[in-house]
Amino acid sequence: MAEITSYELLGLLHRVEKLSHRKRNNSCENFIGRGRILTTLSREDGLSQKILAERLDIRPQSLSETIVKLAEDKLVERVPSENDKRELLIYITDEGRVRASEIRARREAFAKDFFAPLSDEEIISLSNILKKIEEEKQNCENCDTNC
């Protein structure tokens, strides 16, 4: 196996990540943003738009526009909070739950296909390596000092 520099490895990781996003976007019918909202609400229903925006790391204005579309499609309902009538809580509808389940199934099938070239042992090794990097870099105070 040829030697690879850390910078080349980082580039490879970036290219694989971009490839996974491009392939996922193609296979999931551009329902990524809406799907993230629905699958999140299917796990945690009745979130405020503010909390949902924070959880999904989405700009509140973008989330608001998408919530309006989801409500028009009868996939979610916006209900005023009993504690603060100015705040809207977002609830997933039964139809939204069905759609979220379908999205999860498509995502799982995509991921299974994406990692098909790897053996079970390789998947476990890759997972452990990536988790180790993630943990180290999340806790690193001086990681952003060098480019």
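Because the structure is a prediction, the values reported are computed rather than measured.

Trainee: I tried to follow the nonpolar core on my own but got confused; where do I start?
Mentor: Most often, soluble globular proteins have nonpolar side chains that are buried together. The biggest cluster of nonpolar side chains holds 18 residues, and the ones touching the most others in it are I37, L38, L41, L52, I67 and V76. When contributions to this core are tallied by element, the ones reaching two or more residues are helix 2 (32–43), helix 3 (49–56), helix 4 (60–72), strand 3 (88–92) and helix 5 (94–114). Ranked by residue count, the leading element in this core is helix 4, at four residues. Residues contacting L52, with those up to four places away along its chain left out, are I37, T40, L41, L47, L63 and I67.

Trainee: Sorry, what's going on with the environment of R107 here?
Mentor: By the element assignment, R107 lies in helix 5. A relative accessible area of 23% means that R107 is categorised as partly exposed. For R107 and R24, which are 83 residues apart along the polypeptide, the C-alpha to C-alpha distance reads 7.8 Å.

Trainee: Would you explain helix 5 in this entry?
Mentor: Since the α-helix turns once every 3.6 residues, residues separated by three or four places project in the same direction. In this model, helix 5 (21 residues) spans 30 Å end to end at C-alpha, consistent with the 30 Å of a helix rising 1.5 Å per residue. Along helix 5, the positions that sit buried rather than exposed are G96, A100, I103 and F110. In an axial view of helix 5, the angular spread of the buried residues amounts to 90 degrees, which keeps them on one side of the axis. The exposed residues of helix 5 that point more than 90 degrees off its buried face are D94, E108, K112 and D113.

Trainee: What is the right way to look at helix 4 in this model?
Mentor: Here helix 4 is 13 residues long and its end C-alpha atoms lie 18 Å apart, about the 18 Å a rise of 1.5 Å per residue gives. Every buried residue of helix 4 is accounted for by L63, I67, L70 and A71. Here the buried residues of helix 4 occupy an arc of 95 degrees about the axis, which is enough to place them on one side. Residue K74 follows helix 4 closely and has a positive phi angle near 60 degrees.

Trainee: Is there a simple way to explain the sheet that holds strand 2 (residues 76–80) in this structure?
Mentor: Within a beta sheet, neighbouring strands are joined by backbone hydrogen bonds and run either parallel or antiparallel to one another. Reading across from one edge, 1-3-2 is the order of the three strands in this open sheet, with antiparallel pairing throughout. Here the strands that pair on one side only, and so sit at the sheet edges, are strand 1 (47–48) and strand 2. By the bridge criterion, five bridges tie strand 2 to strand 3 in an arrangement that is antiparallel. By the bridge assignment, V79 is partnered in strand 3 with L89. Most of the contacts of helix 4 go to strand 2, to which it runs at about 115 degrees, and overall it touches strand 2 and strand 3.

Parameters and conventions
- Residues numbered from 1 in each chain as written.
- Predicted model: local features only at pLDDT ≥ 70, side-chain atom pairs only at ≥ 80, totals over all residues.
- Heavy atoms only, no water.
- Core = buried A, V, L, I, M, F, W, Y, C linked by side-chain atoms within 4.5 Å.
- Buried < 20%, exposed > 50% of the residue type's maximum accessible area, 1.4 Å probe, protein only.
- Helix = DSSP H or I, 4+ residues; strand = E, 2+ residues; numbered from the N terminus.
- Contact = heavy atoms within 4.5 Å.
- Expected span 1.5 Å × (residues − 1).
- Arc of directions from axis to C-beta.
- Pairing = 2+ DSSP bridges.
- Axes fitted to C-alpha atoms, helices over the stretch in contact; angles between N-to-C directions.

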